[in-house]
Amino acid sequence: MIVITSNQTPEEQINEIIAVIEKEGLQAHLSKGSDRTVIGLVGSVNPKLAEHLRQMKGVENVVKISKSYKLASRDFHPDDTIIEVKGVKIGGEHLAIMGGPCAVESPEQIDLIAKLVKDAGAQILRGGAFKPRTGPYSFQGVGVEGLKMMAEAGERHGLLTITEVMTPEYVDVCAEYADILQVGTRNMQNFDLLRALGTCGRPVLLKRGFSATYDELLNAAEYILAGGNRDVMLCERGIRTFETYTRNTLDLSAIPVLQGLSHLPVISDPSHGTGRRELVEPMAKASVAAGANGLIIEMHNDPDNSMTGDGVQSLFPDQFSNLLKDLEKLAPLVGKKFSTQEAITVK
Ligand code: PEP
Ligand code: MN
């Protein structure tokens, strides 16, 4: 249920409403929008409480949200969520570009790629230190050392960093070294991990499970939001279909659908979404045309010798750089801001 107040409602009245909600043993989540303030109630609400709230001073309306996810829904938060990390904005009209290797391999590799990512005009360096591999004998990532290598490279080149966290035990160390934490497709419904991310103090990019519905993705996001972390991005990274030519089928409809259902930024991953280098550029552009708030793209200085199998979907540095130049031209046509020249102040 949500309690809607106007943005004229004084703070004392809002506090009184929250006190009434909390006295009933329920959680109250506040969302200040441009023209109204919404208080979301999580937990089962008895009709008497709903009626009492409706009568309170400052309350304009009390609305039941029938969806199973609440905090992730647009009903709760009508404006787009804009996540700000060290001066970089993600969401709304801002286009966030994350680029880098599938896996961090060595200090030299990640430093070289960080420079290429920065020179191309992106804001965020991606790279996995812990890799979720289908087979147990495949390269599993360089672990905590990789986190340190990436943090240093990010700092040296003035980039934010994003890395995947696979288990609740590693949330703290990943949060210590990376600016944004990524939940991989295989972990979208790892509820212990999602709960741990609710209190990690870092924004989270939540990838859609490769067989998950929109509803399941939004409920997974709800776990993180319900823990108190408001900074969640949703990521479409392709789903499994009967088609075998591509690694996955990038579901472009997910972008406008999720943006309609939710206020959270939607990021597209055309690399895992297609699994083929030649498709990354057209699907990256299509994603931006469909309204994506950002892209996460694999790029490697030497894709043929990368340590994971994802070299086949990794762009060469010049392809990445040319793509970003094109996105700079495309962005304003679809109401987005992006400049490859803008000096980003990563504070
Ligand atoms: C990745 O980003 O390298 C990755 C493993 O992604 P996904 O979880 O989407 O497969
Ligand atoms: Mn990968």
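Please read all numbers here as calculations on a predicted model, not as lab measurements. (Residues numbered from 1 in each chain as written. Chains lettered and ligands numbered in written order. Predicted model: local features only at pLDDT ≥ 70, side-chain atom pairs only at ≥ 80, totals over all residues. Heavy atoms only, no water.)

1. Some remarks on the coordination of the manganese ion (ligand 2)
By definition of the ideal shapes, four donors in a tetrahedron about a metal sit 109.5 degrees apart, and six donors in an octahedron sit 90 or 180 degrees apart. Note the cut-off: Any nitrogen, oxygen or sulfur atom within 2.8 Å of a metal ion counts as a donor, with the limit raised to 3.2 Å for Na, K and Ca, and since water is left out, coordination shells can look unfinished. The way it works is that DSSP assigns letters per residue, a run of H or I at least four long becomes a helix, a run of E at least two long becomes a strand, and they are numbered from the N terminus. With a 1.4 Å probe rolled over the protein chains alone, any residue whose accessible area is under 20% of its type maximum counts as buried; one over 50% counts as exposed, and the rest are partly exposed.
In the first shell of the manganese ion (ligand 2), the protein supplies Cys 102 (SG), His 272 (NE2), Glu 298 (OE) and Asp 310 (OD), at 2.0 to 2.4 Å from the metal. Each donor residue of the manganese ion (ligand 2) lies on one chain, and together they are spaced C-x169-H-x25-E-x11-D. Highlighted residues: His 272 in helix H9 (residues 270-274) and Asp 310 in the loop between strand S14 (294-298) and helix H11 (317-330), separated in sequence by 38 residues. Of the two residues, His 272 and Asp 310, both sit in the buried class.

2. Re helix H2 (residues 47-55)
Formally: The arc in question is the one traced by the directions running from the helix axis out to the C-beta atoms. Residues adjacent in sequence count toward polar contacts only when both atoms are side-chain atoms; beyond that, a polar contact is any pair of N or O atoms within 3.5 Å, and within protein one must be able to donate a hydrogen and the other to accept it.
Every buried residue of H2 is listed here: Leu 49, Ala 50 and Leu 53. What you see down the axis of H2 is that its buried residues fit within an arc of 100°, all on one side. In H2, the exposed positions that point more than 90 degrees away from the buried face belong to Pro 47, Lys 48 and Gln 55. If you check the start of H2, you find a side-chain oxygen 3.0 Å away from the backbone N of Lys 48, and it comes from Asn 46.

3. Some details on the nonpolar core
Note the cut-off: Nonpolar cores are built from buried Ala, Val, Leu, Ile, Met, Phe, Trp, Tyr and Cys residues. Side-chain atoms within 4.5 Å join them into one set. Note on contacts: a residue pair is in contact if any heavy atoms of the two residues lie within 4.5 Å.
Counting residues in hydrophobic clusters, the biggest one holds 42 residues, and the most contacted among them are Leu 181, Leu 197, Leu 206, Leu 234 and Leu 258. Taken together, the elements giving at least two residues each to this core come down to strand S1 (2-6), helix H5 (171-177), strand S10 (180-183), helix H6 (191-197), strand S11 (204-207), helix H7 (214-226), strand S12 (232-236) and helix H8 (254-261). No other element matches the 7 residues that H7 contributes to this core. When sequence neighbours within four positions are dropped, the list of residues in contact with Leu 197 reads Val 165, Val 171, Leu 181, Val 183, Val 204, Ile 224 and Asn 229. The next biggest cluster of nonpolar side chains, apart from the first, holds 28 residues, and it includes Ile 113, Leu 125, Met 149 and Met 150.

4. So, the state of the cysteines
Put plainly, two cysteines are in a disulfide when a covalent bond ties their sulfur atoms together. Here is the rule: Throughout, disulfides are identified as pairs of cysteine sulfur atoms within 2.5 Å of each other.
Counted according to the given criterion, the structure contains 0 disulfides. Considering cysteine sulfurs only, Cys 174 is the nearest to Cys 200, which forms no disulfide, with 9.8 Å between them.

5. What to know about the pairing of strand S9 (residues 160-164)
Keep this limit in mind: Strand pairing requires that DSSP identify at least two bridges connecting the strands. A clockwise course of the path from the first strand over the helix to the second, judged with the strands pointing away from the viewer, identifies a crossover as right-handed.
Taking burial as the measure, the 5 residues of S9 include 5 buried ones, the bulk of the element. Side chains Leu 160, Ile 162 and Glu 164 of S9 all project onto a buried face; the interleaved residues Thr 161 and Thr 163 project onto the opposite face, where all are buried too. Relative to S9, strand S8 (residues 124-126) is paired through 3 bridges, and the arrangement is parallel. Following the sheet pairing, Arg 126 is matched in S9 by Ile 162. You can see the chain leave S8, run along helix H4 (residues 144-157) and come back into S9, and the turn it takes is right-handed. Where S9 and S10 come together, 3 bridges link them in parallel fashion. Directly across from Ile 162, in S10, lies its bridge partner Ile 180. Each parallel crossover has a hand, and the one from S9 via H5 to S10 is right-handed.

6. Observations concerning the sheet that holds strand S7 (residues 96-100)
The condition is simple: Think of each axis as a best-fit line through the C-alpha atoms, taken over the contacting stretch in the case of a helix, with angles from 0 to 180 degrees between the N-to-C directions.
The 8 strands lie next to each other as S7-S8-S9-S10-S11-S12-S13-S14, forming a closed barrel whose pairing is parallel. Each strand axis lies, on average, 25° off the axis of its neighbour in the sheet, ignoring direction. Its contacts with the sheet put H4 on S8 and S9, and the angle it makes with S9 is roughly 160°. Lying on the sheet, helix H10 (residues 277-289) is in contact with strand S13 (266-268) and S14; it crosses S14 at an angle near 170°.

7. Regarding the pairing of S12
Looking down a regular strand, the side chains alternate between one sheet face and the other. When you tally the buried positions in S12, you get 5 out of 5 residues, the bulk of the element. Taking every second residue as pointing to the same face, both faces of S12 are buried, with Val 232, Leu 234 and Glu 236 on one and Met 233 and Cys 235 on the other. Where S11 and S12 come together, 4 bridges link them in parallel fashion. By the bridge assignment, Val 204 is partnered in S12 with Val 232.

8. Section: the packing of aromatic side chains
The test is simple: Only rings of Phe, Tyr and Trp enter the pairing, Trp through its six-membered ring, and a pair is recorded when the two centres are within 6.5 Å. The plane angle decides the type: under 30 degrees is stacked, over 60 is edge-to-face, the rest tilted. Here, over-ring charges are defined by two tests on the NZ atom of lysine or the CZ atom of arginine: distance to the ring centre within 6 Å, and angle to the ring normal within 35 degrees.
Scanning all chains against the criterion turns up 2 aromatic pairs. Each ring, one from Phe 130 and one from Tyr 170, has its centre 4.8 Å from the other, and the planes form 50°; the classification is tilted. Of this pair, Phe 130 sits in the loop between S8 and H4 while Tyr 170 sits in the loop between S9 and H5, and the two are 40 residues apart along the sequence. The buried category is assigned to Phe 130, whose relative accessible area is 13%. When the ring centre of Phe 210 is taken as reference, the NZ or CZ atom of Arg 240 above it lies at 4.7 Å. Directly above the ring of Tyr 245 sits Arg 276, whose terminal nitrogen or CZ lies 4.0 Å from the centroid.

Just geometry here; none of it tells us what the structure is for.
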